[in-house]
Amino acid sequence: METLINEIEPQTTANTLLQGLGNALENEAIYIFREVVAQFEKPVLLFSGGKDSITLVRLAQKAFWPAKIPFPLMHIDTGHNFPETIAFRDKLVKELDVELIVRNVQDSIDQGKVIEETGKYASRNMLQTTTLLDAIEEFKFDACIGGARRDEEKARAKERIFSVRDDFGQWDEKNQRPELFDMLNGTIEIGQNVRVFPISNWTELDVWSYIQKEDIEIPSIYFAHKRNIFLRDGLIWSAEDDVVFRAEDEVIEERWVRFRTVGDMSCTAAVLSKADSIDKVVAEIRDSKISERGARIDDKRSEAAMEKRKQQGYF
Amino acid sequence: MNVLKIATAGSVDDGKSTLIGRLLYDTKSLTEDKLEAIKKSSEQRGYDYLDFSLATDGLVAEREQGITIDVAHIYFSTPTKSYIIADTPGHVEYTRNMVTGASTSQVAIILIDARKGVIEQTYRHFFINNLLRVKNIIVAVNKMDLVDYSEDVFNAIKKDFEALNAKSTYGEQIVSYIPVSALKGDNIVDKTDAMSWHSGNTILGHLEELEAQDVYDSGKVRFPVQTVIRPKTDEFHDFRGYAGKITGGSLKVGDAVTVLPSLTQSKIKEIFFFDKSYNEAYAGSSVNITLEDDINVTRGDMLVKTDELPKIEKQVTATVCWMDSKNLVPGTKYIVQHNTNRVLSKIDSINSVIATDYTGAQENKNKLSLNEMGEVSIKLSKPIYFDSYADNKSNGAFILIDAQTNTTAGAGFIN
């Protein structure tokens, strides 16, 4: 796979026509990135190391070439990341020569701002919100660019591309600004900030197809590999680390699996898969009968789980 | 892949969400876990059938009340096309959401309850789609199962709608009529024996035949500059690129262009998309353009072909759709955002309040309230460079931003 930095030297492709419509989603995302830089003073890209944020990075590169990406990346580290994701993150940042800010959920726990969940379904996913809001305040970020997509979840389907949050990071879902045509209104007061979602209109398959077409490097855990796992509630959990609580009666087996989303390890389940290349992954997603967030335990807590988290300032 | 954008419109209980849920289900776009969640919720509520509206109604209040409050975006695809549906609520107080949905859509599905026929809401939905010049209209006469799949009922509704269509302000609009039952799945994706008298298409069949088009492409190039790209690196020391998305037509290297509002002239030197340069770029492309001459271009400026200048004026008259709870009154100041250009403006006068049910002008109370539309004259502190909305959608529309609350308070369509 090619590196994330493309050749700097422009290659003239004489008489090549560039069709906007065939690439509508990519063009729209680039347009949104440029609006962010034009309308805000201190934007940041929220980088999780997952495929959606990696796609965002590629789009940001395209939006500003030949200039460097004009904002830092920020990773809210739950401390429960897959090691492959962290290694990938550090390599990417070095190649791109952009600033990386890391803020740790562990610090928020140590400061007594949040309390670690306990029990079988303990996760640090909810705790991220506090760390994120503190970091926004620390750096005075006015726009946080995220990789959320409207096809992921019902509450997300209602989110604007420029989504205004108040001083407390809250999303007022019943009082959102209308977004007409492709005009984006990012005017805010001091203390408010905007969450920006350039790939709002992409589906999971769109993201995978783009990764395939652009030959974008992604962490190895997205591809099929042998892993020690155990089953719970019909989901497949990694048993190779002590992040996910495992009861004594939950038996470890070795299986071929891959991850469809790469979030906090404590709430990200694997899927059985032999798809060890991007082509096979795209084919698998195309035929999949389970949604992407079907393997995210955090959404299953209740029917309104995502909406509630968003109101509190979650991504 | 081509993307077709659709907006839906209908009154409360017309079955809009059910229709969308059915489209998703019948195109196998609902995954097993989502379907399982719908089954579970339907059973909990004691329904005899699967309530597909649960697939789209995302907010807690919506599920409690069984209505759609906010615009939801729903995605599905077939082997030939990707579809994005803006599911917009039908209540009278949520007109702003419908305008929002229609602003980017090429197709509108207007739902009519077969038992109720064409009602006042239908007038409004059609009016908005006329005003926003949505090219394709599908009139879906729903709940046909509740009128015994009667061809007579369908034809009577069709006749009523045709009478409405005769009042349309947008002559090139294409209206199609389809009898459906979203609940039973009749004529949504699959044809039904229950209505063998209907020789036309199903909803999906009709959508599949439409060609995805850029709703903004008027043929004339308008290039609003979003930001100036200056790498300030050794390698690109003097590089000065203008980043933006082309709307309408195409731009070629060597084209004579005029920069607005300065009216400075130059020629296109290079057109980049990422790190590749192109000789020509079409509408919809987010490119980075350099000019032959070293001239001053900033965000909010617009590049156009020198022989295709738009109007440049400090006064506009527009149909305004008001979206704020604070009334629009003459003498107040708002920020006009027109493409990437922002100009302080003053409301000169409200010339008329337009009845959205085709009965003409309403009594002019010299104000516009939430969800009202009217013809408004606006004075601008600096000129904007525009076309009429009828000629050019992207360059004929603007939004009004309240300088105190920062909210998007209204949308305007320039006459």
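Residues numbered from 1 in each chain as written. Chains lettered and ligands numbered in written order. Predicted model: local features only at pLDDT ≥ 70, side-chain atom pairs only at ≥ 80, totals over all residues. Heavy atoms only, no water.

Quick notes on the environment of Val215 of chain B
Residues and elements named next belong to chain B. Inclusion rule: Put simply, DSSP H or I for four residues or longer makes a helix, DSSP E for two residues or longer makes a strand, and each gets a number counted from the N terminus. Type-normalised accessible area, obtained with a 1.4 Å probe on protein chains alone, sets the label of each residue: buried when under 20%, exposed when over 50%, and partly exposed for intermediate values. We call two residues contacting when some pair of their heavy atoms lies within 4.5 Å.
As for its placement among the helices and strands, Val215 is situated in the loop between helix H7 (203-209) and strand E7 (223-224). Residue Val215 is classed as partly exposed on the basis of its relative accessible area of 21%. Those residues in contact with Val215 that sit more than four places away from it in its chain are Thr104, Ser105, Gln106 and Lys393.

Concerning helix H3 (residues 83-96) of chain A
Residues three or four positions apart in an α-helix share a direction because the helix packs 3.6 residues into each turn. Residue and element names in this part refer to chain A. Basically, it comes down to this: The span expected for a helix works out to 1.5 Å for each residue beyond the first.
For H3, which comprises 14 residues, the first-to-last C-alpha distance of 20 Å matches the rise-based estimate of 20 Å (1.5 Å per residue) to within 8%. Summarising the contacts, the buried residues of H3 are in contact with helix H2 (51-64), strand E4 (73-77) and strand E5 (100-104). Immediately beyond the C-terminal end of H3, within one or two residues, lies Asp97, with a positive phi of roughly 60°.

Side note on helix H2 (residues 32-44) of chain B
All names here are of chain B. The terminal C-alpha atoms of H2, which comprises 13 residues, lie 18 Å apart, in line with the 18 Å expected from a rise of 1.5 Å per residue. Against the buried residues of H2 lie helix H1 (16-26). Looking one or two residues past H2, Gly46 carries a phi angle of roughly 75°, positive in sign.

So, the sheet that holds strand E3 (residues 43-46) of chain A
Residues and elements named next belong to chain A. Filter applied, for reference: At least two bridges found by DSSP between two strands are what make those strands a pair. Structural elements are reduced to axes, namely lines fitted to C-alpha atoms, with helices fitted over the stretch in contact, and the angle between N-to-C directions of any two is expressed from 0 to 180 degrees.
Strand order in the open sheet made by the six strands is E5-E4-E3-E6-E8-E7, with mixed pairing throughout. Taken across any chain shown, the strands that pair with only one partner, and hence form the sheet edges, are E5 and strand E7 (162-165). Looking at each pair of strands side by side, their axes are set apart by 30° on average, direction ignored. By the bridge criterion, three bridges tie E3 to strand E6 (residues 143-145) in an arrangement that is parallel. Within E6, the residue paired with Pro43 across the bridge is Ala143. Lying on the sheet, H3 is in contact with E4 and E5; it crosses E4 at an angle near 165°.

Here we look at a negative patch on the surface
We count it as follows: For patch building, the residue pool is restricted to those with more than 30% relative accessible area and no salt bridge; the joining distance is 9 Å between like charges and 5 Å between nonpolar side chains (Val, Leu, Ile, Met, Phe, Trp, Tyr). With residues, only the protein chains shown are counted as cover, and all accessible areas are computed by Shrake-Rupley using a 1.4 Å probe. For this document, the term salt bridge refers to a Lys or Arg side-chain nitrogen within 4 Å of an Asp or Glu carboxyl oxygen. Only four residue types enter the tally: Lys and Arg on the positive side, Asp and Glu on the negative side, with His and both chain ends excluded. Note on charges: their place is set at NZ of Lys, CZ of Arg, CG of Asp or CD of Glu.
Side chains of Asp238, Glu292, Asp293 and Asp294 of chain B sit close together on the surface and give a patch of like negative charge. Structurally, Asp293 of chain B can be placed in the loop between strand E15 (286-291) and strand E16 (302-305).

Regarding the pairing of E4 of chain A
A regular strand places its side chains so that they alternate between the two faces of the sheet. Residues and elements named next belong to chain A. Inclusion rule: By convention, orient the strands away from the viewer: a clockwise path from the first strand over the helix to the second makes the crossover right-handed.
Within E4, five of the five residues are buried, leaving the element largely enclosed by the surrounding structure. The alternating pattern of E4 places Leu73, His75 and Asp77 and Met74 and Ile76 on opposite faces, both of which are buried. Of the strand pairs in this sheet, E3 and E4 are connected by two bridges, and their pairing is parallel. Along E4, the bridge assignment pairs Leu46 with Met74. Taken together, E3, H2 and E4 form a β-α-β motif whose crossover is right-handed.

Considering the sheet that holds strand E4 (residues 107-113) of chain B
Consider a sheet: its strands pair through backbone hydrogen bonds, and that pairing is either parallel or antiparallel. Residue and element names in this part refer to chain B. The six strands lie next to each other as E2-E3-E1-E4-E5-E6, forming an open sheet whose pairing is mixed. Looking at the sheet topology across the chains shown, the edges are occupied by strand E2 (72-77) and strand E6 (174-179). Recorded for the sheet is a direction-independent mean angle of 25° between the axes of neighbouring strands. Where E2 lies against strand E3 (residues 82-87), six bridges are found, and the strand directions are antiparallel. For Ile74, the partnering residue across the bridge sits in E3 and is Ile85. Packed on one face of the sheet, helix H5 (residues 120-131) meets strand E1 (3-9), E4, strand E5 (136-142) and E6 and runs near 170° to E4.

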